[in-house]
Amino acid sequence: MTSSREPVVDANLALALNALLTEQSVTRAAARLHTSPAAMSRTLARLRRILQDPLLVRAGQTMVPTPRALALRDEAAAVVRDIGALLTPGAGVDPAALRATFTLQAADLVGAALVPGLLRLVREEAPGVSLRFLAEEWEDGPALREGRVALEVGSIDHVDPETRVEELATFRMAAAVRQGHPLAEGPLTPERLAAAEHVAVSRRGRFAGPLDTALAERNLQRRVAVVLPSHIAAMALAARSDVVCLVPVVPSGTAPSSLTESVTALGLRLLDIPLPLPPVVLGMAWHPRHAADGGHHWLRGAVRRTLQASGSPAT
């Protein structure tokens, strides 16, 4: 035997029920929901069948709620408020109220430049936020698409088509050597640079890069003695030996960047490379699922402020 009770699957019924119980009038409820009195009368009849109660009954020139209607009034109002909240665009988030852990992916040099300033903003603005940093993957993987990473920061060159990317700063490459290195004496020429021993940085283990292409155009070839996956490790090696390490630095005429603080801490000297090399663009990438999320929006702004704070043009 089948039930005569009609299943309720239409959220509009909750809106109509709330309007009817609040206004206690078919005409006023219809005006409230911008529909006709005839349509609202049909909706009331449907609600009566579903709830098996008259809900509103005539009392002279007015309509009065039944005991069941009175019992449902507060609940109907709460349901409508919940529907309204559910379908309202997200409002700006209060960073102080955030309770979240964000996972970021970055190369070690970028992480070293980013973490101190970003952690300071977390402490000042969003003390309920925790940060987890992951190293760049050996192979380009869909970490953003799969949700394993909320934000990738660095040289963005391997994103999925739907990924959002924002450029943050542009850098040039320089040669970092220890104090007293022979290359620091006298003008640095392409020939002298090629003759030196180099350490390359590549998470894929590649020996060659843009510098090798520029040298090859002059029929020159450098010797890469070792390839390391870490900029910090490569700079530490350069500080204790005669190998040359390439590092990103700000263009001429701009203020110092936190990206070069590790160079300064290791006591390295920066030399201009006498060859045209492509710039290094630092950016951040995220999946569209996070585009409208208030917490993620704050995170992107915090990363932007941290990396651009010391990289603006000098005055």
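All of these numbers come straight from a predicted model, not from anything done at the bench.

**Student:** Looking at this model, I keep getting lost on helix H5 (residues 108-125). Mind explaining?
**Tutor:** In an α-helix, one turn spans 3.6 residues, which is why side chains three or four residues apart end up on the same side. For H5, spanning 18 residues, the distance from its first C-alpha to its last is 25 Å, which sits close to the expected 26 Å at 1.5 Å a residue. The principal kink in H5, of about 35°, is found at Val115, preceding the proline Pro116 by one to four residues. Along H5, the residues classified as buried are Leu109, Val110, Gly111, Ala113, Leu114, Gly117, Leu118, Leu121 and Val122.

**Student:** What is the right way to look at the nonpolar core in this model?
**Tutor:** Soluble globular proteins tend to bury their nonpolar side chains together. Ranked by size, the top nonpolar core spans 42 residues in total, and within it Leu104, Leu151, Val153 and Val303 carry the most contacts. At the level of elements, strand S3 (100-106), H5, strand S5 (151-154), strand S6 (164-177), helix H9 (231-240), strand S9 (244-249), strand S11 (280-286) and helix H11 (294-308) are the ones that each hand at least two residues to this core. Among the elements that make up this core, the one with the highest residue count is H5 (7 residues). Within the second largest apolar cluster, 20 residues are counted, among which are Ala16, Met40, Leu44 and Ile50.

**Student:** Looking at this structure, how should I read the layout of surface pockets?
**Tutor:** Its boundaries defined by the atoms lining it, the largest pocket holds a volume of some 1200 Å³. Of all elements in the fold, only H5, strand S4 (129-134), S6, strand S7 (197-201), helix H8 (210-216), S9 and S11 reach the threshold of two or more residues within the lining of the largest pocket. Here the lining of the largest pocket takes 4 residues from H5, the largest share from any one element. Its residues assigned to classes, the lining of the largest pocket comprises 26 nonpolar, 7 polar and 7 charged.

**Student:** How should the packing of helix H1 (residues 11-23) against helix H3 (residues 37-51) be read in this particular structure?
**Tutor:** Relative placement of two packed helices is described by the angle separating their axes and the distance separating the axes. The N-to-C vectors of H1 and H3 enclose an angle of 100°; their axes lie 10 Å apart at closest approach. Comparing their axes, H3 and H1 come out roughly perpendicular. Across from Leu13, Ala16, Leu17 and Leu20 in H1, the residues of H3 making contact are Met40, Thr43, Leu44, Arg46, Leu47, Ile50 and Leu51. A per-class count over the contact of H1 with H3 returns 9 nonpolar, 1 polar and 1 charged.

**Student:** Would you take a moment to explain unusual backbone geometry for this structure?
**Tutor:** Phi is mostly negative for residues that are not glycine, and the peptide bonds are mostly trans. Despite not being glycine, His34 has its phi angle at roughly 55°, a positive value. Checked against the element boundaries, His34 lands in the loop between helix H2 (26-32) and H3. Owing to a relative accessible area of 74%, His34 belongs among the exposed residues under this scheme. Of note in the backbone geometry, Gln52 takes a positive phi value of approximately 55° without being a glycine. On the secondary structure map, Gln52 appears in the loop between H3 and strand S1 (56-59).

**Student:** Got a minute to help me understand the side chain of His287 in this structure?
**Tutor:** Position of His287 among the secondary structure elements: in the loop between S11 and H11. Overall, His287 belongs to the buried group, its relative accessible area being 13%. Discounting chain neighbours no more than four positions away, the residues touching His287 are Leu144, Arg145 and Glu162.

**Student:** Looking at this structure, I do not really get the pattern of salt bridges. What am I missing?
**Tutor:** Where charged atoms from two side chains of opposite charge approach closely, those side chains can pair. Following the criterion strictly, the structure yields 10 salt bridges and no others. The residue Glu23 makes a salt bridge to Arg28 at a minimum N-O spacing of 3.5 Å. The exposure class assigned to Glu23 is partly exposed, which follows from its relative accessible area of 21%. The shortest N-O distance in the salt bridge between Arg178 and Asp242 comes to 2.6 Å. Note that Arg178 is positioned in the loop between S6 and helix H7 (190-195) and Asp242 in the loop between H9 and S9, a separation of 64 residues in sequence. By relative accessible area, which is 24% here, Arg178 ends up partly exposed. Of the residues examined, Asp242 reaches a relative accessible area of 38% and is grouped as partly exposed. Overlapping salt bridges bring together Glu23, Arg28 and Arg32 as one network.

**Student:** Explain the environment of Glu167 to me, please; I cannot follow it from the model alone.
**Tutor:** Within the secondary structure layout, Glu167 lies in strand S6. Relative accessible area serves as the criterion here: at 58%, Glu167 is assigned to the exposed category. Each C-alpha atom, one on Glu167 and one on Val281, is 6.8 Å from the other, the two residues being 114 residues apart in sequence. The contacts of Glu167, once residues within four sequence positions are left out, are Val281, Leu282, Gly283 and Gln308.

Definitions and limits used
Residues numbered from 1 in each chain as written. Predicted model: local features only at pLDDT ≥ 70, side-chain atom pairs only at ≥ 80, totals over all residues. Heavy atoms only, no water. Helix = DSSP H or I, 4+ residues; strand = E, 2+ residues; numbered from the N terminus. Expected span 1.5 Å × (residues − 1). Bend = angle between axes of the 7 residues up to and from the residue. Buried < 20%, exposed > 50% of the residue type's maximum accessible area, 1.4 Å probe, protein only. Core = buried A, V, L, I, M, F, W, Y, C linked by side-chain atoms within 4.5 Å. 1 Å grid on protein atoms, 1.4 Å probe; cavity = no way out; pocket = protein on both sides within 12 Å on 5 of 7 lines; lining within 4 Å. Points joined across faces, edges and corners; volume = space filled by probe spheres on them. Nonpolar A, V, L, I, M, F, W, Y, C, P; charged D, E, K, R; others polar. Axes fitted to C-alpha atoms, helices over the stretch in contact; angles between N-to-C directions. Parallel < 35°, antiparallel > 145°, perpendicular 65-115°, else oblique. Contact = heavy atoms within 4.5 Å. Salt bridge = Lys/Arg side-chain N within 4 Å of Asp/Glu carboxyl O.

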